[in-house]
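This is what each chain is made of:
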Amino acid sequence: MQSIHNYYGELVFTKKIMEQKLSKNIYRKLVDAIDNVEPLDQSIAGEVAHAMKEWALEKGATHFTHWFQPQRGGTAQKHDSFIDYGDNGEIIERFSASQLVQSEPDASSFPSGGIRSTFEARGYTAWDPTSPVFLLESGKTKTLVIPSVFLSWTGEVLDLKTPLLRSLTVLNEKVIALQKLLGNKNAKQVKVFAGIEQEYFLLSKDLVASRPDIIVTGRTLFGSKPAKGQEMEDHYFGNIRKNVLKFMEEVDNTLYRKGIPVKTRHNEVAPNQFELAPLHQEVNLAIDNNLQIMEVLKKVADKHNMVALLHEKPFAGVNGSGKHFNWSIGDNTGANYFEPTKSPLKNISFLIAVSAVLFGVKKFGGILRASVADAGNDHRLGANEAPPAIMSVYLGEYVSDLLNSIEKAGTIDEKEVNEITLGVQNLPKVNKDYSDRNRTSPVAFTGNKFEFRALGSSSNPSEAGTILNFIAAYGFNEIYNRIEAKKGDIDVKQKALEVIKEIISETKNIRFEKNGYSKDWHKEAEKRGLPNAKNTPEALNLFLKEDVIKSFSEFKILNERELKSKVEIKLENYIKTKEIEYKYAMKSVNTLILPAILKQIEKISQTAKNLEKLKLKSDIFVKEAKILIELYEDINKYNLELNKFVTTSCGTAAETAEKFASTGVKILEALREKVDTAEDLVADEFWPMASSQKLLNTF
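Residues numbered from 1 in each chain as written. Predicted model: local features only at pLDDT ≥ 70, side-chain atom pairs only at ≥ 80, totals over all residues. Heavy atoms only, no water.

Would you mind going over the overall build of the protein chain with me for this structure?
From N to C terminus, the protein chain includes 23 helices and 18 strands. Relative to the compact-globule value of 27 Å for 699 residues, the protein chain shows a C-alpha radius of gyration of 28 Å, a close match. Expressed along its principal axes, the backbone C-alpha trace of the protein chain runs to roughly 105 × 80 × 55 Å. Counting all 699 residues of the protein chain, 55% fall into the buried class. (Helix = DSSP H or I, 4+ residues; strand = E, 2+ residues; numbered from the N terminus. Rg over C-alpha atoms; globule rule 2.2 N^0.38 Å. Buried < 20%, exposed > 50% of the residue type's maximum accessible area, 1.4 Å probe, protein only.)

This is the structure we're talking about:
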């Protein structure tokens, strides 16, 4: 085994390689564009492209691709070879500046939400220099991958990365303006960091072969709850099995070669469920890396005769999977605005940053919920395994007491500040583990960062990252405006403390320190006026509120047309996902479930006849047959009801999505209940699909 540092990042066009391949002047300009978000000097693109090509060819690459994040989810790419005609007609390998900076994939297959017609297929990818170029391996084939944004030919957003980058720009603008107002002349550039934990299930590929519902939909549409699930917690605290550890080792090594600093691997609560977590990185890179992590998990699992499931709720009766988005804001000086120190200025920055998040969540908590809305996550949010759909903030006892003390203080001045119970000017550093995490809270302060726990395991974190950045920028902007509006000759820091006190008071309704799963909290949240979108269509509708559209436009994250397009695409994805589930459930019932029940009925009936011939009682068999016949009839009834529902028009996309989320879900749940009852009564030799118990007993 090699030491990790010997091969770490060998598939990445790193700064070290850039420095070797580029002239000093070109290297400096490129690094400025990467580190300081400076506009890319187009004149350097030619030399950069040449250096990338030479490095890629040395590594054995034959093609290049712009890698982007369409709004339908996942990632997309179109590969082009390096070959071109030379001056004399001979074949040469070429990679030009224009090929690096921009590409034109066939965009007709990607949803646009009405931004363009299908026949107007032109869409452009453009290089994002802030995320490093890397090599994609598939067997012996290597491809140079260029992380990119994806825009329509009119310049409107068709992807998830562009809004994220825009949110970083506006957050930088609002934070730096406020820091300058406070007298901080050293802060020049905001740095947003993220650590994204990833949960997943591993299943035997051989067993999954008998579960077409998993293959088609990513989850079990049917399957009785396992007798032994996670009750004993023996998986969570148990040893990692040898075959899983081999899989994990290959995942780690693959990710290290890609320059992805995965740090932790362990069993999770549900049987066959696992988690990995990387070190924190700048948010754009962390998200790009998470997208690669999901792809690597699937590919490596396949090599080990396994299937990696990223669905949020693949099994009934055991926990589903999510990902935790650890998020913090700092700047070029190395400061972390969520980590207080003994410095008075930094402690004011800490209080401002926390207040900005509180204010942003109060104003736009609904769209924070909407950012994680999809068909898979609907199964998970609100259950006793994931945060509720109500967006609240947990600060922990220490910070809560601190804010309460500030709120109760009299007129805020330096003397008052120093007399506050826990102190503000001399606020001690809050350790990461000062208080236990509230795992029922969707937004939890965890020492020097916020942890957003509501993401689904298959989601692209760009959407959540965009909204976190946006709500923080909105809060910082509000604080800046209030400080500027304060009259009098008092010190700007004193004005800031007065504004902090105001916001602490105004945002008390979104702070919650207790059990987010309790019914009492749902009642209390309703009294507080907090949104509680139960499903995806309901959540997505919150994006269309007038104040959301206005603020998104003013902050130049998404204009009204782009925002409405985003909602339409997500509704369309939701409808298609549910429609596939409903249609495949019907097919499974007709071709697998009902025939299996008939076989059991026939077996029981034949046994009863044989007993009667021997003049023995067969009442018990008659009763068993009757139960199965009634189940058969019920299953057939719900199946026909589901068919009628799917084939009946529900109106507009919004109306269809709402019906699919309510009526459709209820019919499928009723159908599943009857099928799962039948599974427990039909002999294994007749039941056509591997049970959840078998699937979850493998690792």
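Please clarify how the environment of Thr 154 should be interpreted in this entry.
Tracing the backbone shows Thr 154 in the loop between strand 8 (141–152) and helix 6 (161–181). Residue classification places Thr 154 among the partly exposed residues on the basis of a relative accessible area of 47%. In this structure the C-alpha to C-alpha distance between Thr 154 and Leu 202, which are 48 residues apart in sequence, comes to 43 Å.

I'm lost on the sheet that holds strand 13 (residues 281–282) in this one. Help?
Sheet strands associate in pairs through backbone hydrogen bonding, adopting either a parallel or an antiparallel arrangement. Taken in spatial order, the six strands line up as 13-9-15-18-17-16 in an open sheet, and their pairing is mixed. Looking at strand neighbours, the two that pair on one side only are strand 13 and strand 16 (393–394), the edges of this open sheet. Both strand 15 (residues 322–331) and strand 18 (residues 450–456) contribute to a ladder of five bridges, which runs antiparallel. Across the sheet, Gly 322 pairs through a bridge with Gly 456, a residue of strand 18. On top of the sheet, helix 6 reaches strand 9 (190–196) and strand 15; it is set at about 130 degrees to strand 9, its chief contact. (Pairing = 2+ DSSP bridges. Contact = heavy atoms within 4.5 Å. Axes fitted to C-alpha atoms, helices over the stretch in contact; angles between N-to-C directions.)

What is the right way to look at helix 16 (residues 492–506) in this model?
A turn of α-helix holds 3.6 residues, and therefore any two residues three or four places apart point the same way. Taking 1.5 Å of rise per residue, 15 residues should cover 21 Å, and helix 16 covers 21 Å from first to last C-alpha, within 8% of that figure. Those residues of helix 16 that sit buried are Gln 494, Lys 495, Ala 496, Leu 497, Glu 498, Val 499, Ile 500, Ile 503 and Ile 504. Taking the backbone nitrogen of Lys 493 as reference, a side-chain oxygen 2.8 Å away marks Asp 491 as the first, capping residue of helix 16. (Expected span 1.5 Å × (residues − 1). Polar contact = N/O pair within 3.5 Å; in protein donor to acceptor, adjacent residues only side chain to side chain.)

What am I meant to see in the pattern of salt bridges here?
Any two side chains of opposite charge can pair if their charged atoms end up close together. For the structure shown, the criterion picks out 38 salt bridges. Of the charged contacts in the structure, one is a salt bridge between Lys 303 and Glu 250, with a shortest N-O distance of 2.4 Å. Of this pair, Lys 303 sits in helix 10 (residues 283–303) while Glu 250 sits in helix 9 (residues 242–257); the two residues are 53 residues apart in sequence, bridging distant segments of the chain. The closest approach of N and O atoms between Arg 482 and Glu 478, which form a salt bridge, is 2.8 Å. With Arg 482 and Glu 478 both in helix 15 (residues 462–485) and four residues apart, this pair spans about one turn of that helix. (Salt bridge = Lys/Arg side-chain N within 4 Å of Asp/Glu carboxyl O.)

The quantities given are spatial measurements derived from coordinates; they are silent on function.
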